[in-house]
Amino acid sequence: YAREKSAPPQELISAGRMLLQRISFAHNNRQDNRLEDIAKTCLAGNGGDSVATGVCVSLKAAIAAHKTSALYHDDLLAGVLVAQPVAALEALCGGPPKECDRGLRILEFASTRRPLLAVIPDQIIISWCRQDPLRRYQALAKHIVASRSTGEQTPPQWTPLGLQFLAEAPEPAAVLHQFVAAFDPRGGFAGEQTRVLEQHSALLDQLDHLPGLAAAIASEKVALRAQIEEVRRVEGLVERQFNERFE
């Protein structure tokens, strides 16, 4: 039904919700992709929010008890976030800062194949951040998709969500710092890290419409240029050492 777009019968919705409430989380993801479809189909609509909350709370507790890992349940989380994004965000990342951090770490570990927050509409993320703007904008900054590249030869562009974070956050300089930290791919082939950093540095030239960030942008440019030079130095040293081994 999730793929066919037709409304499932109420009996199927009830059965799907009961199944999700009975999940026993363990180091096993064999059914995870099927659970994503079940969550998308059965958690949407009235009454689905309480089930979504229960699933997220149970998963969070199982991870805290080292019974499982977020890596095994990325598809399930995607389905819950699509069907009930607000309930899922509150269950995972609501509450005091420590609980928010735990929830965001779960989302980070579960986002190795795809960024899970990207399945949530931008305005729902913005609305959730506005409820506690001083903390939530900065907390989510490293987890949203703030920029995108359309190809290796095309400079990356800010996403509308990334720009809205910079425009609305009470501390936009701190949000920008999180965005810039995410430019670093941390690894890859020789020269890849430098190439990616240089390519993403162009993003800082796309923020002229935010004059209040001018000082922060200038500071980030200086720091990023120093980082690029250091990465280039280290890459050159590694390459020389590699070549000397085969001379």
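Residues numbered from 1 in each chain as written. Predicted model: local features only at pLDDT ≥ 70, side-chain atom pairs only at ≥ 80, totals over all residues. Heavy atoms only, no water.

**Here we look at the overall build of the protein chain**
The helix and strand inventory of the protein chain stands at twelve helices and two strands. Reading the secondary structure of the protein chain in the N-to-C direction produces α-α-α-α-α-α-α-α-β-β-α-α-α-α. Seen along its three principal axes, the alpha-carbon backbone of the protein chain occupies a region of about 65 × 50 × 35 Å. Taking all 247 residues of the protein chain together, 40% fall into the buried category. Within the structure as shown, the protein chain displays about 13700 Å² of accessible surface, and the carbon and sulfur contribution to it stands at 54%. Here the protein chain contributes 27 positive and 29 negative side-chain charges, whose respective centroids are spaced 6 Å apart. (Helix = DSSP H or I, 4+ residues; strand = E, 2+ residues; numbered from the N terminus. Buried < 20%, exposed > 50% of the residue type's maximum accessible area, 1.4 Å probe, protein only. Areas by Shrake-Rupley, 256 points an atom, 1.4 Å probe, with all protein chains shown as cover. Lys, Arg positive; Asp, Glu negative; His and termini not counted. Charge placed at Lys NZ, Arg CZ, Asp CG, Glu CD.)

**Considering the environment of S69**
Assignment of secondary structure puts S69 in the loop between helix 3 (48–64) and helix 4 (74–83). When the C-alpha atoms of S69 and L59 are compared, they prove to be 8.9 Å apart, with ten residues separating the residues in sequence. Contacts of S69, omitting those with residues within four sequence positions, involve H27 and I63. (Contact = heavy atoms within 4.5 Å.)

**Observations concerning the nonpolar core**
Judged by nonpolar contacts, the single largest core of 64 residues is most densely connected at V80, L140, F165, L176 and F179. No other element matches the seven residues that helix 3 contributes to this core. Those residues in contact with F179 that sit more than four places away from it in its chain are A141, I144, A146, W158, G162, F165 and L166. (Core = buried A, V, L, I, M, F, W, Y, C linked by side-chain atoms within 4.5 Å.)

**Comments concerning the packing of aromatic side chains**
Applying the stated criterion across every chain, the model contains three aromatic pairs. When the ring of W158 is compared with that of F179, the centres are 5.7 Å apart and the planes differ by 45°; the resulting orientation is tilted. On the criterion of sequence distance, the pair formed by W158 in strand 2 (residues 157–158) and F179 in helix 10 (residues 172–181) is long-range, its members being 21 residues apart. The pair formed by W158 and F179 is uniform in burial state, with each residue classed as buried. Centroid distance W158 to F183: 6.4 Å. Interplanar angle 45°. Geometry classified as tilted. Of this pair, W158 sits in strand 2 while F183 sits in the loop between helix 10 and helix 11 (192–201), and the two are 25 residues apart along the sequence. The exposure classification of W158 matches that of F183, with both residues buried. (Phe/Tyr/Trp six-rings, centres within 6.5 Å; stacked < 30°, edge-to-face > 60°.)

**With respect to helix 3**
Relative to the 24 Å expected for 17 residues at 1.5 Å per residue, helix 3 spans 24 Å between its end C-alpha atoms, a close match to the ideal helical length. Burial in helix 3 covers these residues: G48, V51, A52, V55, C56, L59, K60, A62 and I63. Take helix 3 and look down its axis: the buried residues cluster within an arc of 165°, on one side only. Looking at the buried side of helix 3, the elements it contacts are helix 1 (10–21), helix 4, helix 5 (85–93) and helix 6 (97–109). Of the residues one or two after helix 3, H66 is the one with positive phi, at around 65°. (Expected span 1.5 Å × (residues − 1). Arc of directions from axis to C-beta.)

**Let's talk about the pattern of salt bridges**
Here the structure, examined in full by the defined rule, presents 15 salt bridges. Between D74 and R113 there is a salt bridge, and its shortest N-O distance comes to 2.7 Å. Pair noted here: D74 is in helix 4 and R113 is in the loop between helix 6 and helix 7 (122–130), with a separation of 39 residues, a long-range link. The exposure class of D74 is buried, given its relative accessible area of 5%. Linking E198 and R232 is a salt bridge whose minimum nitrogen-to-oxygen distance equals 2.4 Å. (Salt bridge = Lys/Arg side-chain N within 4 Å of Asp/Glu carboxyl O.)

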